[in-house]
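Residues per chain are reported as follows:
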Number of protein chains: 2
Amino acid sequence: MIRQPYLLFLGDAPDALAVKVARGIRDWRPDAALGQYRMAGCNADVDLPDMTIREAREAGAKTLVIGVANRGGIVSEAWKSVLAEGLEAGFDIASGLHNLLRDEADLVALAERNGCALHDVRVPTVQYPIGNGQPRRGRRCLGVGTDVSVGKMYTALAMDGEMRRRGRKSTFRATGQTGILIAGGGVPLDAVVADFMAGAIEQLTPDNDDDHWDMIEGQGSLFHASFSGVTLALVHGGRPDALVLCHEPTRDYMRGLPGYRLPGLAELRDLALTLARVVNPDCRVCAVSVNTRELGEREAADCLAKIEDSLGLPATDPFRYGAGRLVDALPE
Amino acid sequence: MIRQPYLLFLGDAPDALAVKVARGIRDWRPDAALGQYRMAGCNADVDLPDMTIREAREAGAKTLVIGVANRGGIVSEAWKSVLAEGLEAGFDIASGLHNLLRDEADLVALAERNGCALHDVRVPTVQYPIGNGQPRRGRRCLGVGTDVSVGKMYTALAMDGEMRRRGRKSTFRATGQTGILIAGGGVPLDAVVADFMAGAIEQLTPDNDDDHWDMIEGQGSLFHASFSGVTLALVHGGRPDALVLCHEPTRDYMRGLPGYRLPGLAELRDLALTLARVVNPDCRVCAVSVNTRELGEREAADCLAKIEDSLGLPATDPFRYGAGRLVDALPE
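Predicted model only: the values in this text are computed from it and were never measured.

Some remarks on the overall build of chain A
Argument step 1. Counting its secondary structure elements, chain A contains 12 helices and 11 strands.
Argument step 2. Here chain A has a C-alpha radius of gyration of 20 Å; the compact-globule value for 332 residues is 20 Å, and the two agree.
Argument step 3. Across its three principal directions, the C-alpha atoms of chain A cover 55 × 45 × 45 Å.
Argument step 4. Taken across its 332 residues, chain A has 60% of its residues classed as buried.
Argument step 5. Across chain A, the fraction of contacts at a sequence separation of at least 24, relative to all contacts at a separation of at least 6, is 75%.
Argument step 6. Counting every atom, chain A has about 13,500 Å² of accessible surface; 48% of that belongs to carbon and sulfur.
Argument step 7. Measuring between centres, the 37 positive side-chain charges of chain A sit 3 Å from its 45 negative side-chain charges.

Structural data, given as structure tokens:
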């Protein structure tokens, strides 16, 4: 686990898009981030107090999180002096960049000297078991998409947030880099060795209270030729009791797959349910989460009504309208 | 690629089961193995001439293949003097053992000094691409199973052998350790990082002549909770034109999954076809390959007749009756 609270490092971010990771942490775990660190020329802001390394340390921050991405996902030389100052002050550092902190000899030496941890959340650091397919106590919900990048992480986080607001037991279970930084831990599933994918997800979603829900972050799509195997490992390793269908209604072709049309929601429902019931015959598809960002108010409402009508399932956009209807739809 | 022909190292094998890998190479690529090397106390024999390192070298063998497995899959100290002699004589060494040749410092030093390669076929040695889902020229056949270990590799090898006997263009595409040693190359799919599974299989089965068939070695099962993600990556990365259903009719529960009943063949047919058609709408299920080892002659014939009757597909046991009916069933 990554120690919280964080100081979010925005570096020399050229724009808001470059600090998507920091924004995600700020939005979903406001208590986990005490401040932001911006270098000269930074054009981004995630609405947290600006802090120096020393101020953040005194305020109790424990980990410096690289909340900025640059082209190529490398650890920029321009950042090094700040990262070094952080390590000297006793901060751990966490990063989801493609290039790893552990491959930067200067940072490794400093971390060792100061007894600090370097967390590269893009790669697994533990040996996962082979999946055993056995039932666990507690309940699990998984988002499955008609495509990649349709809002599966957002849906899981929003449902987890709504559950907590209602005083119900829930844990967001991260399976990707951003999710892991938000949650402080998780499984970087796309980097796990094939044989251990399902076992990693079983380990991520262990026995729990009978009335506790794991809100598992989905990955890929069963219909996406590049990543479908990752998705099926989530369905079988996660052993969901409830599936939420995730969809982006304006996309013509699947992302990264020219010529591939998106499947229909009914097609996704049938395939995902068939596969989920291999491990959990009681699994149900309970709702549809629609990313309506590209639609106006009226269009969004029409789109949701049409989906509800054709599938007979509650449909909403948790970003636009909150996740209440999704949580209401969870089985008893 | 691993250089052929081989000298098969049987070491101090306690029994025939321990040399399954060597037996597979002997059976499927008789031209690829010139001889066998047996240490004192070896209780196995794969019906090849016994050769010393020197004799094998003079006969033209290029790679010493560890065709024996011991408990734990380790490189036994007792074998070291022979392996060292092989390297001194200029042999490459290939191994599918769990413990890697490259982790044995003495062997690595000797290999370097003599300019020899150490092939650990259990782990990938190249960086695979992300799958792109695009069609390739040529045809592809994949075996999918009701469970793991039901004869998928055997089926692909037998179909490939039958195709060649008929003078047709065919290549066995290995996706597991034993298959890779038999073919001299392939993808150790269970050890590939999740994101690259489908891309690895696309790379393994590239553009080819229009009348060429890749006979792709299947892995896992879509119904096996531990490994289903690996299987789906094969279905989507392999983009099969033809699926052969593989089954073992006497098994009550899935291997390694107590409490999980095997799916029916019709269930497997429908699910595998639905998934395969995501990438190739023309894919067909063409035949059933049944492992009848546990059945007598009469029982086996009855079992096959019953399956043919209920599915309306040709069914045979390629070990017992040859792969002719499977090859006959391939689409035009």
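Focus on the relation of the copies chain A and chain B
Argument step 1. For the pair chain A and chain B, the superposition axis carries a translation of 0.0 Å, the fit reaches an RMSD of 0.0 Å, and the rotation angle comes to 180 degrees. Classification of the inter-copy transformation places it as that of a two-fold axis.
Argument step 2. When the interface residues of chain A are mapped onto chain B, 100% of them again fall at the interface, so both copies present the same face.

What about the packing of aromatic side chains?
Argument step 1. Taken as a whole, this structure holds 8 aromatic pairs over all chains when the rule is applied.
Argument step 2. Here B:W28 and B:Y154 contribute two aromatic rings whose centre-to-centre distance is 5.0 Å and whose plane-to-plane angle is 80 degrees, an arrangement assigned as edge-to-face. With B:W28 in helix 1 (residues 20-28) and B:Y154 in helix 5 (residues 152-165), this residue pair connects regions lying 126 residues apart in the sequence.
Argument step 3. Residue B:Y154 is classed as partly exposed on the basis of its relative accessible area of 26%.
Argument step 4. The rings of A:F9, A:Y37 and A:W79 are connected pair by pair, giving a single aromatic cluster.
Argument step 5. Above the ring of A:F91, the side-chain terminus of A:R57 is found at 5.3 Å from the ring centroid.

Describing the packing of helix 7 (residues 197-204) of chain A against helix 8 (residues 228-238) of chain A
All names here are of chain A.
Argument step 1. Remark: helix 7 packs on helix 8, axes separated minimally by 8 Å, with the N-to-C direction vectors making an angle of 45 degrees. With respect to their mutual orientation, helix 7 and helix 8 come out oblique. Handedness of the crossing formed by helix 7 with helix 8: right-handed. Contacts between helix 7 and helix 8 involve M197, A198, I201 and E202 from the first element and G229, V230, A233, L234, G237 and G238 from the second.
Argument step 2. Classifying every residue of the contact of helix 7 with helix 8 by side-chain character gives 6 nonpolar, 3 polar and 1 charged.

Points about the sheet that holds strand 5 (residues 118-120) of chain B
Residues and elements named next belong to chain B.
Argument step 1. Read across the open sheet, the 5 strands follow the order 2-1-3-4-5; overall the sheet is parallel. The sheet is open, and its two edges are formed by strand 2 (33-38) and strand 5, each paired on a single side. Ignoring which end each strand starts from, the neighbouring axes of this sheet average 20 degrees apart.
Argument step 2. Bridge analysis of strand 3 (residues 63-66) against strand 4 (residues 92-95) gives 3 bridges, and the strand direction is parallel. Paired with T63 across the strands is D92, a residue of strand 4.
Argument step 3. Across the sheet, helix 1 is in contact with strand 1 (6-11), strand 2 and strand 3; its angle to strand 1 comes to roughly 150 degrees.

Things to note about the interface of chain A and chain B
The extent of an interface is frequently quoted as the accessible surface area lost upon association of the parts.
Argument step 1. Listed as interface residues are 35 residues of chain A and, on the opposing side, 35 residues of chain B.
Argument step 2. Taken together, the two surfaces of chain A and chain B that pack against each other cover about 2,600 Å², and 62% of this comes from carbon and sulfur.
Argument step 3. Scanning the region where chain A abuts chain B turns up 0 salt bridges.
Argument step 4. Run the count over chain A and chain B and you get 12 residue pairs in polar contact (both at pLDDT 80 or more).
Argument step 5. Residue assignment for the side of chain A that touches chain B shows that the elements contributing at least two residues are helix 7, helix 8 and helix 9 (265-279) of chain A.
Argument step 6. Per-element accounting of the side of chain A that touches chain B gives the leading share, 6 residues, to helix 8 of chain A.
Argument step 7. Grouping the constituent residues of the side of chain A that touches chain B by class yields 22 nonpolar, 10 polar and 3 charged.

Regarding the confidence of the model for chain A
Argument step 1. Here chain A averages 96 in pLDDT, and 100% of its residues register 70 or above.
Argument step 2. Reported confidences for the modelled complex are a pTM of 0.95 and an ipTM of 0.94.

Focus: the side chain of A:S226
Argument step 1. One can find A:S226 in the loop between strand 8 (212-216) and helix 8.
Argument step 2. Looking at A:S226, its side chain comes within polar contact range of the main-chain oxygen of B:G131, at 2.6 Å.
Argument step 3. With near-sequence residues (within four places) excluded, A:S226 lies in contact with A:L257, B:I130, B:G131, B:N132, B:D195 and B:A198.

Looking at the nonpolar core
Argument step 1. Of all hydrophobic cores here, the largest spans 94 residues; its most connected members are A:L243, A:V288, B:L243 and B:V288.
Argument step 2. In contact with A:L243, other than residues within four places in its own chain, are A:L142, A:V144, A:A272, A:L273, A:A276, A:C283, A:R284, A:V285, A:C286 and A:A287.

Let's talk about helix 9 of chain A
Argument step 1. Compared with the 21 Å implied by 1.5 Å per residue over 15 residues, the 22 Å span of helix 9 of chain A between its first and last C-alpha is a close match.
Argument step 2. If you check which residues of helix 9 of chain A are buried, you get A:L265, A:L268, A:L271, A:A272, A:L273, A:L275, A:A276, A:V278 and A:V279.
Argument step 3. The elements touched by buried residues of helix 9 of chain A are strand 6 (139-145), helix 8, strand 9 (242-247), strand 10 (284-290) and helix 10 (297-311) of chain A together with helix 9 (265-279) of chain B.

A few points about the side chain of B:R139
Residues and elements named next belong to chain B.
Argument step 1. Looking at where R139 falls in the secondary structure, it is placed in strand 6 (residues 139-145).
Argument step 2. Here E332 takes part through its backbone oxygen, which lies 2.6 Å from a polar atom of the side chain of R139.
Argument step 3. Excluding residues that lie within four positions of it along the chain, R139 makes contacts with D210, H212, W213, D214, D241, P331 and E332.

Basis of the calculations
Residues numbered from 1 in each chain as written. Chains lettered and ligands numbered in written order. Predicted model: local features only at pLDDT ≥ 70, side-chain atom pairs only at ≥ 80, totals over all residues. Heavy atoms only, no water. Helix = DSSP H or I, 4+ residues; strand = E, 2+ residues; numbered from the N terminus. Rg over C-alpha atoms; globule rule 2.2 N^0.38 Å. Buried < 20%, exposed > 50% of the residue type's maximum accessible area, 1.4 Å probe, protein only. Contact = heavy atoms within 4.5 Å. Areas by Shrake-Rupley, 256 points an atom, 1.4 Å probe, with all protein chains shown as cover. Lys, Arg positive; Asp, Glu negative; His and termini not counted. Charge placed at Lys NZ, Arg CZ, Asp CG, Glu CD. Least-squares fit on C-alpha atoms with pLDDT ≥ 70 in both. Phe/Tyr/Trp six-rings, centres within 6.5 Å; stacked < 30°, edge-to-face > 60°. Lys NZ or Arg CZ within 6 Å of the ring centre and 35° of its normal. Axes fitted to C-alpha atoms, helices over the stretch in contact; angles between N-to-C directions. Parallel < 35°, antiparallel > 145°, perpendicular 65-115°, else oblique. Left-handed = near helix turned anticlockwise from the far one by under 90°. Nonpolar A, V, L, I, M, F, W, Y, C, P; charged D, E, K, R; others polar. Pairing = 2+ DSSP bridges. Buried area = accessible area lost by both parts, 1.4 Å probe. Salt bridge = Lys/Arg side-chain N within 4 Å of Asp/Glu carboxyl O. Polar contact = N/O pair within 3.5 Å; in protein donor to acceptor, adjacent residues only side chain to side chain. pLDDT = per-residue confidence, 0-100. Core = buried A, V, L, I, M, F, W, Y, C linked by side-chain atoms within 4.5 Å. Expected span 1.5 Å × (residues − 1).

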